[in-house]
Amino acid sequence: MSCKRPLLALSLALSALWSAGAQAADLVVSAAASLTNAFKDVAQAYEKEHPDTHVVLNFGASDVLLQQIVKGAPADVFASADQKAMDKAVEEKAVRRDTRVDFAANQIVLIVPEDSKAGITSLKDLTRDDIKRIAYGNPASVPVGRYTQGALEAAGLWNAVQAKSVLAQNVRQSLDYVARGEVDAGFVFATDAAIMPGKVKVALRVPSQTPVTYPIAVTAREAAAKEAQRFVAYVLSPAGQAILSRYGFQQP
């Protein structure tokens, strides 16, 4: 996926915001797509405690967000859905290493459309002839895809499932494919499956070879570094953790 369009869209949106009179206290938070619902509530609660600050949220696949930051898109906080994306952020000096901290944990699940009669009870069932299309995030740029690949490789099923793959640009796209019945099954985070009751159902929980933990860090941008640190502290606080818990996230 090209990062040029997301980067341009974000830059234009932020330019419009600033030209409309946004204040210096605006805080830009780039966060993994799976955090969308939870972080909207976190931002709202944070703004109530800090009325002089406006939180601008930017969601997407973790690797894409990182590339936006590296290419110059404004961001004060980066929250990733896996350690690999944050490792890259540290290597690229896009974030401040000493501010990096894990703030949440999740689980990989296999979901099917709510009205599915496929009867999938194990990963091996995905190799059946009647299961033709399976959605998951592109492992090259989407954390849920990397977790999925690791689990399937451990089960000796990666090649068979890969042949049926429908690659998603982020975890929410994989969720949408399943919810619309465009695929027979899909891999997402447990928290994503929980936001679409009545449209998808969990067929099984998938053991991950790597713990599904979410790191967050302050970026190298100086503009709002102090405010960014305060936001990270709020995410880690009992209030922030309570919001994440409501959406099914666990403590790391």
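Above this note sits the structure.
Overview of the structure. Keep in mind that this is a model prediction, so the values were computed, not measured.

Calculation criteria
- Counting of residues starts from 1 at the beginning of each chain's written sequence and follows it residue by residue.
- The model is predicted, so local features are restricted to residues of pLDDT at least 70 and side-chain atom pairs to those at 80 or more, both for listing and for counting; the totals for chains, interfaces and linings are taken over all residues.
- Only hydrogens and water are set aside when side-chain values are computed; all heavy atoms of the structure are taken into account.
- Where helices and strands are cited, they refer to DSSP runs of H or I of at least four residues and of E of at least two residues respectively, numbered from the N terminus.
- As a reference, a globule follows 2.2 Å times the number of residues to the power 0.38, and the radius of gyration itself is taken over C-alpha atoms.
- Here the term buried applies to any residue with accessible area under 20% of the maximum for its type, exposed to any over 50%, and partly exposed to those in between, with areas from a 1.4 Å probe on protein chains only.
- Whenever a nitrogen or oxygen atom comes within 3.5 Å of another N or O atom, the pair is scored as a polar contact, on the condition that within protein one atom can donate a hydrogen and the other can accept it, and that pairs from neighbouring residues in sequence are kept only if both atoms are in side chains.
- Whether two residues are in contact is decided by their heavy atoms: any pair within 4.5 Å suffices.
- Side-chain rings of Phe, Tyr and Trp (the six-membered ring for Trp) are treated as a pair once their centres are within 6.5 Å; stacked means planes under 30 degrees apart, edge-to-face means over 60, and tilted covers the remaining angles.

A few words on the overall build of the protein chain. In terms of helices and strands, the protein chain carries 10 helices and 10 strands. The globule rule puts the C-alpha radius of gyration for 252 residues at 18 Å, and the 18 Å found for the protein chain is close to it. Dimensions of the protein chain, computed from C-alpha atoms along their principal axes, come out at roughly 55 × 35 × 35 Å. A total of 252 residues make up the protein chain; the buried ones form 52% of that total.

Attention now moves to helix α3 (residues 62–70). With 7 of its 9 residues buried, α3 lies for the most part within the structure. Taken residue by residue, α3 has Ser 62, Asp 63, Val 64, Leu 65, Leu 66, Gln 68 and Ile 69 as its buried positions.

Looking at where Thr 148 falls in the secondary structure, it is placed in helix α5 (residues 143–154). Polar side-chain contacts of Thr 148 include one of 2.7 Å to the backbone oxygen of Val 144. Setting aside its immediate chain neighbours within four residues, Thr 148 contacts Ile 108, Tyr 136 and Phe 187.

Here the focus is the environment of Gly 186. Looking at the secondary structure, you find Gly 186 in strand β8 (residues 185–189). Overall, Gly 186 belongs to the buried group, its relative accessible area being 0%. Excluding anything up to four places from it in sequence, Gly 186 contacts Val 109, Leu 110, Ile 111, Ala 135, Ser 174 and Val 178.

A word on the packing of aromatic side chains. Per the stated rule, a full pass over the model turns up 9 aromatic pairs. Where Phe 39 meets Phe 103, the ring centres are 5.9 Å apart and the plane angle is 40°; that geometry is what we call tilted. Taken together, the residues Phe 39 in helix α2 (residues 36–49) and Phe 103 in strand β4 (residues 101–105) connect sequence positions 64 residues apart. The two residues Phe 39 and Phe 103 agree in class, both being buried. Ring geometry for Phe 39 and Phe 231: centres 6.1 Å apart, planes at 80°, overall edge-to-face. You can see Phe 39 sitting in helix α2 and its partner Phe 231 sitting in helix α9 (residues 225–236), a full 192 residues away along the chain. Phe 231 matches Phe 39 in its accessibility class, with the two residues each being buried.

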